[in-house]
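In case you want the letters, here they are:
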Amino acid sequence: RLCERMLDFTFEMLEAHEGAVLLGGSAPELRIHACRMAKSKKGHTALIVSDTVVKQALDERVGLVASDIQTDDRFSKANSLMIAGAKSVMCVPLMVNETCYGALYLCNRKKIAAFSESDLNLFTAIGQGAALALENLHTQHKLAAETRNREQLGRFLSPMLVEQVISHKMNLERGGDELPVTIMFADIRDFTRLTESCGASEIVVLLNEYFDRMVEVIFKYDGILDKFIGDAMMCIFGTPVPHDDDPDRAVRAAIRMMTDLKVYNDKRAAEGKLPIDHGMGINTDSIVSGNIGSPKRMDYTVIGDGVNLAARIESACKQYGDHILISEFTLGAVK
């Protein structure tokens, strides 16, 4: 639609019969995004854009005008112009500073000297305005994409790590890397009992309130949220940004989660609601990390025996009535 408006304005200001907006940055990549074609007795004639003219305008970074194609030595080998029967052409690059978005192209098949130098000056000004409009549009799209990325990344990364990814200081494309990390599984105890005593809507509120508090703790210690698994969650410390004390961070986070759970339970008790309990299993091991999934749905996660062991340790909390259990590997790694 923007390209169509560019041509509408151009044809209002200049006596042109046909023209095009080409986008792509460089001559081989340019594609027509909007065009106007001259009419003949048989209907609309095909618009033929000269690659030679467009390439010269882009290479020299300035607009050009050819008042008489037949006698202009610059385009004596431009076969497409001869085939099209062009008499006069103009072309200006769509540029903002050093960024080129494409070109504006006009052609007249009926009249020699249809375009003058003053027409070229006006056409160049139109091209500059059009290029600014394109840059604004690109900026809007970029900001919208960044916003979507932030929202997606914010689901499992702390705000600090999100900014590093957005600014390209950190790369999540790390599939296949084997890294030492610490994995934590946290699970609400007796969840079945809670669901039986509460309505569905209350359970949803409970889970959201619980996860809000616990994920905030994970982010505080620079861990990442890998996934929610029903009433449980899996968290990772050590990727995509490693620290020399990731096992300590995981254990500190687990202790803080117990403290915050007590505060939450005090609030629930004041509202006449049942308290909740949870357990955490922590293990440290070398695992594979990266974006895993299908092209339609990719998740940054970790896989390996160390992950399975952390899940089994968390399950052991139920058996022994404990709140935090760590593996011998985590014990050996904490400072």
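Residues numbered from 1 in each chain as written. Predicted model: local features only at pLDDT ≥ 70, side-chain atom pairs only at ≥ 80, totals over all residues. Heavy atoms only, no water.

### What about the packing of helix 1 (residues 2–13) against helix 4 (residues 117–153)?
Direction vectors running N to C along helix 1 and helix 4 enclose 165°, while the axes themselves pass 11 Å from each other. The angle between the axes of helix 1 and helix 4 places the two elements in the roughly antiparallel class. Here the hand of the crossing between helix 1 and helix 4 comes out right-handed. Of the residues in helix 4, those in contact with L2, M6, F9, T10 and M13 of helix 1 are L122, F123, I126, A130, A133, L134 and L137. Considered class by class, the residues forming the contact of helix 1 with helix 4 number 11 nonpolar, 1 polar and no charged. (Axes fitted to C-alpha atoms, helices over the stretch in contact; angles between N-to-C directions. Helix = DSSP H or I, 4+ residues; strand = E, 2+ residues; numbered from the N terminus. Parallel < 35°, antiparallel > 145°, perpendicular 65-115°, else oblique. Left-handed = near helix turned anticlockwise from the far one by under 90°. Contact = heavy atoms within 4.5 Å. Nonpolar A, V, L, I, M, F, W, Y, C, P; charged D, E, K, R; others polar.)

### Thoughts on the packing of aromatic side chains
In the structure shown here, the tally under the stated rule is 2 aromatic pairs. A ring pair is formed by F211 and F228, whose centres lie 4.3 Å apart and whose planes are at 45°; its orientation type is tilted. Within this pair, whereas F211 is found in helix 7 (residues 200–220), its partner F228 is found in strand 9 (residues 224–229), the two being separated by 17 residues in sequence. Each member of the aromatic cluster is reached from another via a ring pair, and the members are Y210, F211 and F228. (Phe/Tyr/Trp six-rings, centres within 6.5 Å; stacked < 30°, edge-to-face > 60°.)

### A look at helix 1
Between its first and last C-alpha, helix 1 extends 17 Å over 12 residues, near the 16 Å set by a 1.5 Å rise per residue. Every buried residue of helix 1 is accounted for by L2, C3, M6, L7 and T10. Seen end-on, helix 1 carries its buried residues on one side only, within an arc spanning 140°. The exposed set on the far side of helix 1, more than 90 degrees from its buried face, consists of R5 and E12. Buried positions along helix 1 lie against strand 1 (18–23), strand 2 (31–36), strand 7 (99–108) and helix 4. (Expected span 1.5 Å × (residues − 1). Buried < 20%, exposed > 50% of the residue type's maximum accessible area, 1.4 Å probe, protein only. Arc of directions from axis to C-beta.)

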